[in-house]
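Structure at a glance
As a plain string of letters, each chain reads:
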Amino acid sequence: MSAGDRAYQQGRYAEAERFFAAALERAERAGGAQDPRVALSLGLLASAYQATGSFAKAEPLLGRALGIAEGALGPDHPEVAATLTAVGGLATAQGRYAQAEPLLRRALAIDERVLGPEHPEVAQTLQALASLERRQGRYADAETRSRRALAIREKALGPEHLDVATSLAGLAALYWPQSRYVETEQLAQRALAIRESRRGPDHPDVIAPLVTLALIYAEQGRFTRAEPLARRALAVAEKALGLEHPDVATALEPLAALARERGRYAEADALGMRALAIREKALGPEHPDVAAAVDGQAELAILRRNAAQAESLARRALAVQEKALGPDHPDVARSLRVVGQAQAMQNRYPEAEPSFQRALAIDEKRLGPESPRVALDLDGLGTLYRRQGRFAQAEPLLHRAQAIGEKVFGPEHPQVAASIVDLASLYRDQSHFSQAEPLYQWALTLQRKSLGPEHPDVALSLEEYAALLKQTNREAEAGPLEAQARAIRAKTP
């Protein structure tokens, strides 16, 4: 057990697995199948299996450990609570949230009653519950538990303890989907510093904060900061865990997102497909993390103007998410937004409108009215209304989308530039050319600066601006813009 624990702490999970298996064999031989040492060995071996992504191997071991602990120690013993926490944590990792919650709640009740509300074991169970609630989109509940766990750990263990880093990383992962970027960055950086100091720079524990930092930097348009962090996370995951571990897929996620944002669609497709294949093999096709990977590929299909593929992928993700997460989860809104975009691209406007409206309602309720995801919903719905000639309905939505983007990201972010292009097109469609032209020029300046001169978004803006010039009988000015757009399109089909 001691040798296995040392190997586990150092991230050598396959070696830990061998030691724990040997410990289990000796415990069974020495004390019989119901010996408490057997339960402990089973739990340790299960933790090693879980660390290597072998969830199916871990599950029966934890079930057996729980039965032994309850029989030998009684239903209210702290060891029973610890095993319940492990079982609940595994169920969470497997996407079986309804099964996980009562187990974790029972563990918390035992810990608080037997050990007291300030014990580190209470923090462990609180953290597991917070992780479950975060995945379910119950952000307020998750924050309350995460902050309580962090306070217990800092008080009992000190600010530089590895368990404190776990709470910090969990809070960072919670704040990221809520676009609380400053807090996310601070928490993830602090978690990373503790883990690097205590574990070393190549330990698997550094992957999670590296990925969180890469994701927020990518969303903020800070691509040069995001990419090296994401590549480092992937290198650590592949070296420490192997090429098919779920954490490898997690590290691929920000790299695929970066490639999409920067217009490198072939690279994004390869990265996204690899992440999807890993998750399907490790987690099964009905896991919410698989649905998230499918959504990434659906968004890429939208960028590549493949509406039929995008809709098929998004509907596949949506079916998994509604079943596992419920009808009002932000991931459901993401899928609905892609469905709406695909329907609009196919001129199926009456179908697209409720898709966008439902996505907007979910995001406003769960993420707040100033979330960047709300801005994406507004932009999609506003553009749909523009295409239908419903200009009075479209304009306030597009203005609101631009205002949210500027407030959250600043005035030079690519999402802000996209909103400006949509506003310009709204004015062009109404023949308000003097209002539209400076917006196209402004958007092109922003896009070339933030995305580079050969990004597909630049091509789209050039095409829209050229259309305005033609409408105002300035074909000689439109020609060079169309030629630039064609050259960009040729490089990024």
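Scroll up a little and you will see the structure.
My aim in this report is to walk through the structure given alongside it, one point at a time.

About the thresholds
Residues numbered from 1 in each chain as written. Predicted model: local features only at pLDDT ≥ 70, side-chain atom pairs only at ≥ 80, totals over all residues. Heavy atoms only, no water. Helix = DSSP H or I, 4+ residues; strand = E, 2+ residues; numbered from the N terminus. Rg over C-alpha atoms; globule rule 2.2 N^0.38 Å. Buried < 20%, exposed > 50% of the residue type's maximum accessible area, 1.4 Å probe, protein only. Contact = heavy atoms within 4.5 Å. Areas by Shrake-Rupley, 256 points an atom, 1.4 Å probe, with all protein chains shown as cover. Lys, Arg positive; Asp, Glu negative; His and termini not counted. Charge placed at Lys NZ, Arg CZ, Asp CG, Glu CD. Core = buried A, V, L, I, M, F, W, Y, C linked by side-chain atoms within 4.5 Å. Expected span 1.5 Å × (residues − 1). Arc of directions from axis to C-beta. Salt bridge = Lys/Arg side-chain N within 4 Å of Asp/Glu carboxyl O.

**As for the overall build of the protein**
If you tally the helices and strands in the protein, you get 24 helices and 0 strands. Taken over the C-alpha trace, the protein has a radius of gyration of 25 Å; the compact-globule value for 493 residues is 23 Å, and the two agree within 12%. A principal-axis box enclosing the C-alpha atoms of the protein has dimensions of 90 × 40 × 35 Å. Here the protein, with 493 residues, has 53% of them falling under the buried criterion. Looking at the protein alone, contacts between residues at least 24 apart form 62% of all its contacts between residues at least 6 apart. Looking at the protein as shown, the accessible area adds up to about 20300 Å², and 53% of this sits on carbon and sulfur atoms. On the protein, the mean spot of the 61 positive side-chain charges and the mean spot of the 64 negative ones are 2 Å from each other.

**Some details on the nonpolar core**
Counting residues in hydrophobic clusters, the biggest one holds 54 residues, and the most contacted among them are Leu168, Ile207, Leu213 and Leu252. Every element with two or more residues in this core is listed here: helix H8 (139-157), helix H9 (162-175), helix H10 (181-199), helix H11 (207-219), helix H12 (223-241), helix H13 (246-261) and helix H14 (265-283). Setting aside chain neighbours within four positions, we find Leu252 in contact with Leu234, Leu271, Arg274, Ala275 and Ile278. Ala48, Val87, Leu313 and Val339 belong to the second-largest nonpolar core, a separate cluster that totals 47 residues.

**Some details on unusual backbone geometry**
You will see that Arg305, though not glycine, has its phi angle at about 65 degrees, which is positive. Considering the arrangement of structural elements, one finds Arg305 in the loop between helix H15 (288-303) and helix H16 (307-325). One non-glycine residue, Asn473, lies in positive phi territory at about 60 degrees. Assignment of secondary structure puts Asn473 in the loop between helix H23 (456-471) and helix H24 (475-491). Look at Asn473 and you get exposed, because its relative accessible area is 65%.

**Topic: H24**
The first and last C-alpha atoms of H24 sit 25 Å apart over 17 residues, in line with the 24 Å expected at 1.5 Å per residue. Listed in full, the buried residues belonging to H24 are Ala478, Leu481, Ala485 and Ile488. All buried residues of H24 lie within an arc of 85 degrees about the axis, which places them on one face of the element. Of the residues in H24, the exposed ones pointing more than 90 degrees away from the buried face are Ala476, Arg486, Ala490 and Lys491.

**A closer look at the environment of Gln189**
Structurally, the position occupied by Gln189 is in helix H10. Exposure remark for Gln189: the relative accessible area of 35% places this residue in the partly exposed category. Remark: the alpha-carbon pair of Gln189 and Thr445, spanning 256 residues in sequence, is separated by 33 Å. Excluding residues that lie within four positions of it along the chain, Gln189 makes contacts with Leu213, Tyr217 and Arg225.

**As for the side chain of Ser167**
Along the polypeptide, Ser167 turns up in helix H9. Take Ser167: its relative accessible area is 0%, and that puts it in the buried class. The residues touching Ser167, leaving out its near neighbours within four places in the chain, are Gln127, Ala149, Leu150 and Arg153.

**Quick word on the side chain of Ser179**
Locating Ser179 in the fold gives a position in the loop between H9 and H10. For Ser179, a relative accessible area of 16% corresponds to the buried category. Not counting chain neighbours up to four residues away, the residues in contact with Ser179 comprise Ser371 and Pro372.

**Observations concerning the environment of Leu73**
Relative to the helices and strands, Leu73 is located in helix H4 (residues 55-73). For the pair formed by Leu73 and Arg474, sequence separation is 401 residues and the distance between their alpha carbons is 86 Å.

**A look at the pattern of salt bridges**
Should the charged atoms of two oppositely charged side chains come close, the side chains can pair. The tally for this structure, following the rule as stated, stands at 51 salt bridges. Across the salt bridge formed by Glu154 and Arg190, the nearest N and O atoms sit 2.8 Å from each other. With Glu154 in helix H8 and Arg190 in helix H10, this pair connects stretches of sequence that are 36 residues apart. Here Arg190 falls in the partly exposed class, since its relative accessible area comes to 30%. Among the ionic pairs, Glu364 bridges to Arg400, the shortest N-O distance being 2.8 Å. With a gap of 36 residues between them, Glu364 in helix H18 (residues 349-367) and Arg400 in helix H20 (residues 391-409) connect regions that are remote in the sequence. Through salt bridges with shared partners, a single ionic network connects Glu101, Arg105, Glu133, Arg138, Asp141 and Arg145.

Fair warning: the whole summary comes from geometry, so function is off the table for now.
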